[in-house]
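Residue-level listing of the chains:
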Amino acid sequence: QLHLLSGDAVSRVTAMAERLGLPADRVHARCLPDAKVAAISALQRDGRRVLMVGDGLNDAAALAAADVSVAMSNGAPLAQRQADLVLAGERLGAIEDLIDIGQKTRRIIRQNLVWSAAYNLLALPVAAIGAMSPGWAALGMAASSLLVSANAWRLGERS
């Protein structure tokens, strides 16, 4: 759910909100830094995870308060220091790319954990009772590690 908290003038913020199709209750103009932090805290108290995007000095406290924060590369150095990430460029669409990469990373981590657990649950008992030679067990473990690494390598692919 998108909220627009801006220190800018009402007319500019309203125009942007209309372009984004945001309802009035999620749009706030002339916000001071404390108001931004309060809005973030209220969302967090409601159980929401907050991603904050900012570029100015007045965004630094809100960037620090958010669960995840993104500063723009052309923004204030203090905002960049407070942010978890700094976008290289001015394209806000990169934030969607970041979310997609994060979701893909989580999916691949889960796949790798499931594979590793399954392999170890099956292979370790076989090796422990001596039904497999230590050499084959080592080779199987190396192959399993290569499979996990190859799966993680998919993160570099663009979908």
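Report on the accompanying structure. Along each chain, residues carry numbers from 1 onward, in the same order as the chain's sequence is written. With pLDDT at 70 or above as the cut-off, local features in this predicted model cover only qualifying residues; side-chain atom pairs require 80 or more to be listed or tallied, and sums for whole chains, interfaces and linings still use all residues. Working from all heavy atoms in the structure, the side-chain values ignore hydrogens and water.

Okay, the overall build of the protein chain next. Comment: elements are numbered from the N terminus, with helices defined as DSSP H or I runs of at least four residues and strands as E runs of at least two. Regarding its fold elements, the protein chain presents six helices and five strands. Tracing the protein chain from N to C terminus, the helices and strands come up as β-α-β-α-β-α-β-α-β-α-α. All radius of gyration figures rest on C-alpha atoms, and the globule criterion is 2.2 Å times the number of residues raised to 0.38. Against the globule reference of 15 Å for 159 residues, the protein chain gives a C-alpha radius of gyration of 23 Å, more extended than a compact globule. Summarising its shape, the C-alpha atoms of the protein chain cover approximately 75 × 30 × 30 Å along the three principal directions. Counting all 159 residues of the protein chain, 25% fall into the buried class. The contact criterion used throughout is that any non-hydrogen atoms of two residues lie within 4.5 Å. Restricting to contacts in the protein chain with at least 6 residues of sequence separation, those with at least 24 account for 31%. Areas reported as accessible are Shrake-Rupley estimates using a 1.4 Å probe. Residue values count occlusion only from the protein chains shown. Summed over its atoms, the accessible surface of the protein chain is roughly 10,700 Å², and 60% of this surface lies on carbon and sulfur atoms. The convention is simple: Lys and Arg are positive, Asp and Glu are negative, and His and the chain ends are not counted. Taken as the charge centre is NZ of Lys, CZ of Arg, CG of Asp or CD of Glu, depending on the residue. Seen as two clouds, the 16 positive and the 14 negative side-chain charges of the protein chain have centres 5 Å apart. Buried residues are those whose accessible area, probed at 1.4 Å on protein chains only, stays under 20% of the maximum for their type, while exposed residues exceed 50% and partly exposed ones sit between those limits.

This paragraph deals with the nonpolar core. Here, nonpolar core refers to any group of buried Ala, Val, Leu, Ile, Met, Phe, Trp, Tyr and Cys residues whose side-chain atoms link them within 4.5 Å. Core analysis: the biggest nonpolar cluster contains nine residues, these being I40, L43, V50, M52, A62, L63, A66, A76 and A79. If you list the elements that add at least two residues to this core, you get helix 2 (33-45) and helix 3 (60-65). In this structure, A62 is in contact with K36, V37, I40 and M52, ignoring residues within four places of it in sequence.

What follows covers the environment of A76. Mapping A76 onto the fold places it in the loop between strand 4 (68-72) and helix 4 (77-82). Ignoring anything within four residues of it in the chain, the contact list for A76 reads D55, G56 and L57.

Turning our attention to the packing of helix 5 (residues 93-128) against helix 6 (residues 134-153). Remark: helix 5 packs on helix 6, axes separated minimally by 10 Å, with the N-to-C direction vectors making an angle of 175 degrees. Relative to helix 6, helix 5 is oriented roughly antiparallel. Residues I108, Q111, N112, W115, S116, Y119, N120 and A127 of helix 5 pack against A137, G140, M141, S144, L147, V148, N151 and A152 of helix 6. Grouping the amino acids of the contact of helix 5 with helix 6 by side-chain chemistry returns nine nonpolar, seven polar and no charged. An axis is simply a line fitted to the C-alpha atoms; with a helix, the fit covers only the stretch in contact. Between two such axes, the angle follows the N-to-C directions and lies from 0 to 180 degrees. Working definition: roughly parallel below 35 degrees, roughly antiparallel above 145 degrees, roughly perpendicular at 65 to 115 degrees, and oblique for all remaining angles. Side-chain classes follow a simple rule in which Ala, Val, Leu, Ile, Met, Phe, Trp, Tyr, Cys and Pro form the nonpolar group, Asp, Glu, Lys and Arg form the charged group, and the remainder, Gly included, forms the polar group.

Here we take up helix 5. By this rule, a helix spans an expected 1.5 Å times one less than how many residues it contains. Here helix 5 spans 52 Å end to end across 36 residues, near enough to the 52 Å set by a 1.5 Å rise per residue. Note on bend: at a given residue it equals the angle between the axes fitted to the 7 residues ending there and to the 7 starting there. By the largest-angle criterion, N120 marks the main kink of helix 5, which is about 25 degrees. Packing partners of the buried residues in helix 5 comprise strand 3 (51-54), strand 4, strand 5 (85-87) and helix 6. Directly after helix 5, the chain includes G130, whose backbone phi takes a positive value near 85 degrees.

Right, let's get into the pairing of strand 4. With four of its five residues buried, strand 4 lies for the most part within the structure. Should DSSP find at least two bridges between two strands, the strands are regarded as paired. Examined bridge by bridge, strand 3 and strand 4 share four bridges and lie parallel to one another. What sits directly across from L51, in strand 4, is V68. Handedness of a crossover is defined as follows: with both strands directed away from the viewer, a clockwise route from the first strand across the helix to the second makes it right-handed. Running through helix 3, the crossover from strand 3 to the neighbouring parallel element strand 4 is right-handed. Pairing of strand 4 with strand 5, which is carried by three bridges, proceeds in the parallel orientation.

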